[in-house]
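Breakdown of the fold
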Amino acid sequence: MRVRKSFERPEGKKTARLIVIASEGKETEKIYFNAVKNSKCAGNVHIEVLERESTDSSPDKVYAQLKKFQETYQLDDDDELWMVIDKDRWKTQTLAEIARLCNQNRFLHFSMSNPCFELWLLLHFEDVSLMSEDEMLALRENKRVSRRGDTWLKSRVRRAMGSYQESSYDASRLMPHVSIARNRAETLDINKTERWPSAIGTHVYRIIDSITNVNR
């Protein structure tokens, strides 16, 4: 039996609860959660955002990356490993299987955005529940709306922020509005027993609750 290594937590956080995040996106989520790590993290929490190991962003690869981390390092009982993925292009059967595997592992947590992570970013600036029917339909379908490949949500986030690229944006501008986004996301989460939002919504707010020690 292979002995797991001890994960070296930084000075001042040797006994901190560890939250490890692996995402489908290569840069967007990493930029955001590193900003959260620097400005919103509770004193007794340490966030580790994993680099994506390949160009394959499928949910099973994200799951495998977290399983590899779990098999490599010793984890304390209150440590958490979070998957951050999008609903938009994956089949329900694939998502259901990954969600089932997470549910069977006490360290693994499943956080999905429907249709994608940009919804979470947009909630920092807009309450999507107040959108018109046409806007909600456009959000749900999230089609390409520009020649350079922008989806409806990417375009909407860029308009709200003034500047936005998946691989390069100023996440510090979002930090003053994290609690607003969190509350808006919870309001959208009508059926909290669902493994992921079947309607427009995002469970990223649950990671934020853990990072900031809400309800602990």
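Here we summarise the structure given alongside this text. Fair warning: this is a prediction, and the values are worked out from it, not measured in the lab.

Analysis parameters
Residues numbered from 1 in each chain as written. Predicted model: local features only at pLDDT ≥ 70, side-chain atom pairs only at ≥ 80, totals over all residues. Heavy atoms only, no water. 1 Å grid on protein atoms, 1.4 Å probe; cavity = no way out; pocket = protein on both sides within 12 Å on 5 of 7 lines; lining within 4 Å. Points joined across faces, edges and corners; volume = space filled by probe spheres on them. Nonpolar A, V, L, I, M, F, W, Y, C, P; charged D, E, K, R; others polar. Helix = DSSP H or I, 4+ residues; strand = E, 2+ residues; numbered from the N terminus. Axes fitted to C-alpha atoms, helices over the stretch in contact; angles between N-to-C directions. Parallel < 35°, antiparallel > 145°, perpendicular 65-115°, else oblique. Left-handed = near helix turned anticlockwise from the far one by under 90°. Contact = heavy atoms within 4.5 Å. Buried < 20%, exposed > 50% of the residue type's maximum accessible area, 1.4 Å probe, protein only. Polar contact = N/O pair within 3.5 Å; in protein donor to acceptor, adjacent residues only side chain to side chain.

**A look at the layout of surface pockets**
Size it by volume and the largest pocket reaches roughly 390 Å³. Glu24, Asp86, Arg89, Lys154 and Glu166 are the residues nearest the centre of the largest pocket, which is lined by 21 residues in total. In the lining of the largest pocket, the residues fall into two nonpolar, seven polar and twelve charged. One number sums up the size of the second largest pocket: a volume of about 320 Å³. Along its surface, the second largest pocket is lined by 14 residues, and Trp82, Leu108, His109, Phe110 and Arg206 are the ones closest to its centre. Broken down by secondary-structure element, the contributors of at least two residues to the lining of the second largest pocket are helix H3 (92–103), strand E6 (108–114) and helix H8 (204–211). The residue inventory of the lining of the second largest pocket, partitioned by class, reads five nonpolar, four polar and five charged.

**Digging into the packing of helix H7 (residues 178–188) against H8**
Where H7 meets H8, the axes come as close as 9 Å, and the angle between the chain directions of the two elements is 130 degrees. Judged by the inter-axis angle, H7 sits oblique to H8. Once H7 is placed against H8, the crossing between them reads as left-handed. Judged by residue contacts, Val178, Arg182, Ala185 and Glu186 of H7 engage Tyr205, Ile208 and Asp209 from H8. Here the residues of the contact of H7 with H8 are counted per class, giving four nonpolar, no polar and three charged.

**Focus on empty space enclosed by the protein**
Using the criterion set out here, one finds one cavity of 30 Å³ or more in the structure. Space inside the largest cavity adds up to approximately 50 Å³. Every residue along the wall of the largest cavity is listed here: Ala22, Ser23, Gly25, Lys26, Lys30, Val49, Leu50, Glu51, Arg52 and Gln65. Taken together, the residues of the lining of the largest cavity sort by class into three nonpolar, three polar and four charged.

**Comments concerning the side chain of asparagine 114**
Its location among the elements puts asparagine 114 in strand E6. According to the relative accessible area criterion, asparagine 114 is buried, its value standing at 12%. Reaching out from asparagine 114, the side chain makes a polar contact with the backbone oxygen of proline 197 at a distance of 3.0 Å. Reaching out from asparagine 114, the side chain makes a polar contact with the backbone oxygen of serine 198 at a distance of 3.3 Å. In contact with asparagine 114, not counting residues within four places along its chain, are Lys87, Leu119, Pro197, Ser198, Ala199, Ile200 and Gly201.

Nothing here speaks to function; it is geometry throughout.
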